[in-house]
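The lines below spell out each chain.
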Amino acid sequence: MKQDALSIKQINNFQKQQYEDYERNSANSLLKKYTSILEKFKNKNNLKILDVGGASGYFAQALLDYFDNGGGGGWGINIFVVDYVMYDTWKTNNGKITFIESSVEKLRELFTHETFDIIFANRVFHHFVGKTWKDTIKGIYQITGSITGLLKNDGCFCITDYFYDGYFFDTSASRIIYAFTSCKIPILVSIFRKIEAKSAGVGVCFLSKKMWLRLFESHGLIVDNLYEGYKCKKSLRMIIYGIFLLLKNLQEDNVMILKKSV
Ligand SMILES: C[S@@+](CC[C@H](N)C(=O)[O-])C[C@H]1O[C@@H](n2cnc3c(N)ncnc32)[C@H](O)[C@@H]1O
């Protein structure tokens, strides 16, 4: 089936700087969260891994170190990173990891003959934003379809992302945050940035836990493991978010391990 063009927006330089620092500081702790999965693949020969939105490559390098330094009993590992933006770190790439500067919209064209044992999408899905909230959700469904198609039947799709559960309507916080962050009025952009919205002016689309589970179900993906992340406690900030974003629950860095239901 032919896919519609999604026209996902690209992050800006402000975000790029922030994400590079964040990835550098969190790559090893992120790797630890996936240890149980990595263990399962450590003796596999010709292991193929894809990191979608792999940014500056610190996580991909941590993966390579894991398999090279005793984590792997098998031979041959290929790690691919696809990101819309090329970070400076890739200028000194040692060639062991393949970086592809492209949007995930092109995944099917990029990998016509390849399938992967493990596909990572860490803190990236909420950046797949289109022109409207509805387009964005449609895009997220299409991309999940493309990724599922690239996963081996015994492979694992590993996502780290947030849960933003709404009050009254499950999707309310998702819709409101999308509307606020995609607003381009300069004064509002600088206000939103001051209250930690790095994506102000570009847009961001967080999903609730129920939205994630519906997304997986509709693509025949089974949740093999779900490690729920830090639940933001009741604080003044959460009360304000609750009122303005109709946000009931915010959970950071949830790790979702998925398998195909074949
Ligand atoms: C918040 S960073 C996450 C980086 C890293 N995965 C981590 O966990 O630290 C999101 C990354 O996704 C990339 N990204 C956003 N939309 C993309 C798209 N449509 N195609 C490819 N990469 C995308 C951004 O360029 C950015 O580097």
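S.K.: What is the right way to read helix α8 (residues 209-218) from this model?
M.R.: Since the α-helix packs 3.6 residues into each turn, any two residues three or four apart lie on the same face. Those residues of α8 lying buried are Met211, Trp212, Leu215 and Phe216. The arc that holds the buried residues of α8, viewed along the axis, is 135 degrees, so those residues lie on one side. Seen from the buried face of α8, the exposed residues on the opposite side, beyond 90 degrees, are Lys210 and Glu217. Buried residues along α8 sit in contact with α5 (133-150), β5 (151-166), α6 (172-181), β6 (221-227) and β7 (247-260). Remark: glycine 220 follows α8 within two positions and exhibits a positive phi of approximately 65 degrees.

S.K.: What should I look at first to understand the nonpolar core in this one?
M.R.: Nonpolar side chains tend to gather and get buried jointly when the protein is soluble and globular. One finds Leu50, Phe125 and Phe157 to be the most contacted residues of the largest nonpolar core, which totals 36 residues. Listed by contribution, the elements that provide at least two residues to this core are β1 (47-52), β2 (77-83), β4 (116-122), α5, β5, α8 and β7. A total of six residues in this core trace back to one element, the largest contributor, which is α5. Residues within four places of phenylalanine 125 in sequence aside, it is in contact with Ile140, Thr144, Ile147, Phe157, Ile159, Asp161, Trp212 and Leu215. Among the nonpolar cores identified, the runner-up in size contains 31 residues, and Leu30, Tyr34, Ile79 and Phe120 belong to it.

S.K.: What is the right way to read the pattern of salt bridges from this model?
M.R.: A side chain of one charge can pair with a side chain of the opposite charge if their charged atoms are brought near each other. Tallied over the entire structure, the rule returns ten salt bridges. With its nearest N and O atoms 3.7 Å apart, the salt bridge here joins lysine 42 to glutamate 39. We classify glutamate 39 as partly exposed; its relative accessible area is 40%. Residue lysine 259 is joined to aspartate 224 by a salt bridge in which the shortest nitrogen-to-oxygen separation is 3.8 Å. Placement of the pair is lysine 259 in strand β7 and aspartate 224 in strand β6, with a sequence separation of 35 residues. Look at lysine 259 and you get partly exposed, because its relative accessible area is 27%. Within the structure, one salt-bridge network assembled from shared partners comprises Lys40, Asp224 and Lys259.

Rules and cut-offs
Residues numbered from 1 in each chain as written. Predicted model: local features only at pLDDT ≥ 70, side-chain atom pairs only at ≥ 80, totals over all residues. Heavy atoms only, no water. Buried < 20%, exposed > 50% of the residue type's maximum accessible area, 1.4 Å probe, protein only. Helix = DSSP H or I, 4+ residues; strand = E, 2+ residues; numbered from the N terminus. Arc of directions from axis to C-beta. Contact = heavy atoms within 4.5 Å. Core = buried A, V, L, I, M, F, W, Y, C linked by side-chain atoms within 4.5 Å. Salt bridge = Lys/Arg side-chain N within 4 Å of Asp/Glu carboxyl O.

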